[in-house]
Amino acid sequence: MLHPLAATYYDPEQKIWSGPQRKDLYNNEITLGEVIFEALAKHPQKIIQIHDVSGVKLTCAELLHHAKVLARNLLKLDLKVGDVIGLYASNWTHTTTLMLASFLCGTPVNALYPAFDKENVALIYKITRPKLIFCDVENYQIAQEVNRELNLDALIFIMNDNEGVKGLDFDPPKLKIFYKFFIFRYPCFNLKGDDTAIIICSSGTTGTPKGVRCSHRAFLNQNVFVTLKTESVICSFSTLYWISGAFSLISSLITAAMRIVTTQPYSPQYFLDLVRRYRISHFLGGGNFMAELIMHTNEREIQKSLESIDTLLIGGAKVLQAVQEKMNSILACNAHRPGFCVAYGMSELSGMLSINGGYVMQRREGSEGKLVANKHVRIIDKKGMNLGPNEHGEICILTPYTWFGYVDNPEATRKALPDNWLHTGDIGYFDDDGYLHVCARDNDVFKSRNFQIYPQLIEEVVCRIAGVAECCVFGIPDFVASHLTACVVVRLKNADGLKLTTKEIDQHVKAHMGSMYHLSGGVYFIDAIPKTGSGKAQRRKVLELVMAMKKQGDDKLQ
């Protein structure tokens, strides 16, 4: 391959890994609004979006018209470049209208998870302080209370018109889009590519909630779907709270590819139904989606339903090797497509660092793949010294795109960028062939009898046991060992799951792993693993749950 899309080159003298070097498609003057405007204008009659629940369709021309009108009205509300718009809503039709209008106005959107409670909303809006808030009618009261308590003085609009609002003691204003012809000029004309396009919520590299500034330029030059075409069909269940939701929306708009949106939650059967009905070619989601899919659905049905799939791009958390192997096997009937791809990236990058996929890329199951273009990586030890192949350390990234850090948090920005390299807090290594392996978050790693324990390594082994739906490995503090390695397991609701015992799990780990990884802290069965909004296990809460149940003497645990 003369111009690889993902590859890793190692400099043994500097101990730095680099991706392929490529020219950017867009210079540092151009913005998302300008690129999307031109792309949609070339395909006026093409359907750009279908909402599966409401059935509402938008052509490129209709979306452009709505966005121009809304952009004009936003500016009439005295919104200025750099002012933040809050989004506290699900994937409604005019969420896309709002995003395009914000790109054109230079007023970045900060989206929250629609199911956030008042405490979480206040935590983020205290940082980003939006001037306008667009929310679901169900979230209006929380938005109103947070608005008042934080003295935001924000105007609040609702994105959906739900009749369930009747009888409540308030009359929320409705977002109205007025159809009126006018001469349109880009409000974003004076913006630059490095200006902030979206603010993504993230725990960042230091663990507390933050607003990550994501630039126009980084999004535009991030080739998330390497095979995407105008005739492609994109889908994702992610709202714009997650960067995967932003990837899906932006990829659709800059290529004028049709996007399927829904307010329905993910389920294996609904996912397969969507793919069949709309002939979806590109899907972006979490590893937990695929794990649930292969556990609860017939393999032949999955293969038949996914005939139209070109790329299944999965990320957000470590994807188990067993899931990768199963999905690669299912999609192996067509080797001339990327198929099942695992991506590793961060909101701070506004994109991916590496990708592990098939045709037009290179795959090694169990890894995060090879580096994407124009990224450089160091693996460093605790003293900041560069490490070589197969040596575990913190992953640090150098990107060509300017990152202005976290909103109103210069201290966290300095910690993340102490030397112009992004210090991720993730522990990993490169193997001899240049594949990146991410082992754990730095705060997931714990010591047991002076050995560094990477929970995901043990979880990979446990999840291969028949009857295990999912598991989470964590450390129980211990005076002698520092930590005792323990594991909680959620059992499948089938014959294998019902007969599964803690002894069987403990013996399986002993048979397949060295003594330093043995489960000295015990095995515990629970109904569900506490997770973040993005599906990552909350190990601290798992520990608290197990300790509370042990204290109560709940003998069903182990």
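By convention here, each chain's residues receive numbers from 1 onward along its written sequence. Reporting in this predicted model follows two pLDDT cut-offs: at least 70 for local features of residues, and 80 or more for side-chain atom pairs to be given and counted; totals over whole chains, interfaces and linings ignore these cut-offs and use all residues. Think of the side-chain values as coming from all heavy atoms in the structure, minus any hydrogens and water.

## Focus on the pairing of strand E14 (residues 311-315)
The side chains of a regular strand alternate between the sheet's two faces.
1) Next: For E14, a buried count of five out of five residues is recorded, marking the element as mostly surrounded by other parts of the structure.
2) Next: Whether a residue is buried, partly exposed or exposed follows from its accessible area with a 1.4 Å probe, protein chains only, as a fraction of its type maximum: under 20%, in between, or over 50%, in that order. Secondary structure elements are taken from DSSP: a helix is a run of H or I of four residues or more, a strand is a run of E of two residues or more, and numbering for both begins at the N terminus. Neither face of E14 is exposed, since Thr311, Leu313 and Gly315 on one face and Leu312 and Ile314 on the opposite face are all buried.
3) Next: Bridging between E14 and strand E15 (residues 339-346) involves four bridges; their strand directions are parallel. When the bridges of E15 are listed, Leu312 appears paired with Phe340.
4) Next: Seen with the strands pointing away from the viewer, any crossover whose path from the first strand over the helix to the second strand runs clockwise is right-handed. For the crossover from E14 across helix H11 (residues 321-330) to E15, the handedness is right-handed. Between any two strands, pairing holds if DSSP finds at least two bridges.

## Points about unusual backbone geometry
1) Next: Despite not being glycine, Asp78 has its phi angle at roughly 65°, a positive value.
2) Next: For Asn151, which is not glycine, the phi torsion reads 55° and is therefore positive.
3) Next: The topology assignment puts Asn151 in the loop between helix H5 (140-149) and strand E8 (155-158).

## Quick word on the sheet that holds strand E25 (residues 482-491)
1) Next: Here three strands make up an open sheet; going across it, the order is E24-E25-E26 and the pairing mixed. The open sheet terminates on both sides in strands that have one partner only, identified here as strand E24 (468-478) and strand E26 (522-525). Averaged over all neighbouring strand pairs, the angle between strand axes comes to 25°, with direction disregarded.
2) Next: Direction of pairing for E25 relative to E26: parallel, over a ladder of four bridges. In the strand pairing of E26, Cys487 is matched with Val523.
3) Next: Should any heavy atoms of two residues lie within 4.5 Å, those residues are counted as being in contact. Throughout, an axis means a line fitted to C-alpha atoms (over the contacting stretch in the case of helices), and angles, computed between N-to-C directions, take values from 0 to 180 degrees. With respect to the sheet, helix H13 (residues 455-462) is in contact with E24 and E25, its orientation differing from that of E24 by roughly 140°.
4) Next: Of the strands in this sheet, E24, E25 and E26 are in contact with helix H16 (residues 539-551), which crosses E24 at around 80°.

## Digging into the packing of aromatic side chains
Each aromatic ring pair is described using two quantities: the centre-to-centre distance and the angle formed by the ring planes.
1) Next: Only rings of Phe, Tyr and Trp enter the pairing, Trp through its six-membered ring, and a pair is recorded when the two centres are within 6.5 Å. The plane angle decides the type: under 30 degrees is stacked, over 60 is edge-to-face, the rest tilted. Tallied over the entire structure, the rule returns 17 aromatic pairs.
2) Next: With a centroid separation of 5.9 Å and 45° between ring planes, the pair formed by Tyr113 and Tyr241 is classed as tilted. Taken together, the positions of Tyr113 in the loop between strand E6 (109-111) and helix H4 (118-128) and Tyr241 in the loop between strand E11 (233-236) and helix H7 (243-255) put the pair 128 residues apart, joining distant regions of the chain.
3) Next: Here Tyr241 falls in the buried class, since its relative accessible area comes to 14%.
4) Next: Site record: aromatic cluster; members linked through ring pairs are Phe237, Tyr266, Tyr270, Phe271, Phe283 and Phe289.
5) Next: Over the face of the ring belonging to Tyr435 we find Lys370, whose NZ or CZ atom lies 4.8 Å from the ring centre.
6) Next: The criterion for a charge sitting over a ring is simple: Lys NZ or Arg CZ within 6 Å of the ring centre, and within 35 degrees of the ring normal. Cation over ring: Arg378 sits above Trp421, and NZ or CZ is 4.6 Å from the ring centre.

## Remarks on the confidence of the model for the chain
1) Next: Averaged over the chain, the pLDDT score is 88; the fraction of residues at 70 or greater is 92%.
2) Next: Residue-level confidence of the predictor is what pLDDT reports, using numbers from 0 through 100. In this model residues 162-172 is a low-confidence stretch, pLDDT under 50, and it forms nine contacts with partners more than four residues away in sequence or in other chains.
3) Next: The low-confidence segment residues 176-183 (pLDDT under 50) makes 14 contacts with residues lying over four places distant or belonging to another chain.

## Brief notes about helix H9 (residues 287-296)
Residues three or four positions apart in an α-helix share a direction because the helix packs 3.6 residues into each turn.
1) Next: The complete set of buried residues in H9 reads Gly287, Phe289, Met290, Ala291 and Leu293.
2) Next: Buried residues along H9 sit against helix H8 (268-278), strand E13 (282-286), helix H10 (299-305), E14, H11 and E15.

## Focus on the pairing of E8
1) Next: Relative to E8, strand E7 (residues 132-135) runs parallel, the two sharing four bridges. Residue pairing in the sheet places Leu132 in a bridge with Leu155 of E8.
2) Next: Viewed along the sheet, the connection from E7 through H5 into E8 turns out right-handed.

## Regarding the pattern of salt bridges
1) Next: By definition here, a salt bridge exists when the distance from a side-chain nitrogen of Lys or Arg to a carboxyl oxygen of Asp or Glu is within 4 Å. The final tally for this structure, using the stated rule, is 21 salt bridges.
2) Next: Here Glu145 and Lys118 are joined by a salt bridge, their closest N and O atoms 3.5 Å apart. Separated by 27 residues along the polypeptide, Glu145 in helix H5 and Lys118 in helix H4 bring together distant segments of the chain.
3) Next: A salt bridge links Asp273 to Arg277; the nearest nitrogen and oxygen atoms lie 2.8 Å apart. Of the two residues, Asp273 and Arg277 both sit in helix H8, four residues apart, roughly one turn of that helix.
4) Next: Residue classification places Asp273 among the partly exposed residues on the basis of a relative accessible area of 24%.
5) Next: Residue class for Arg277 comes out partly exposed when judged on its relative accessible area of 42%.
6) Next: Each of Asp24, Asp194 and Arg217 takes part in one network of salt bridges that share partners.

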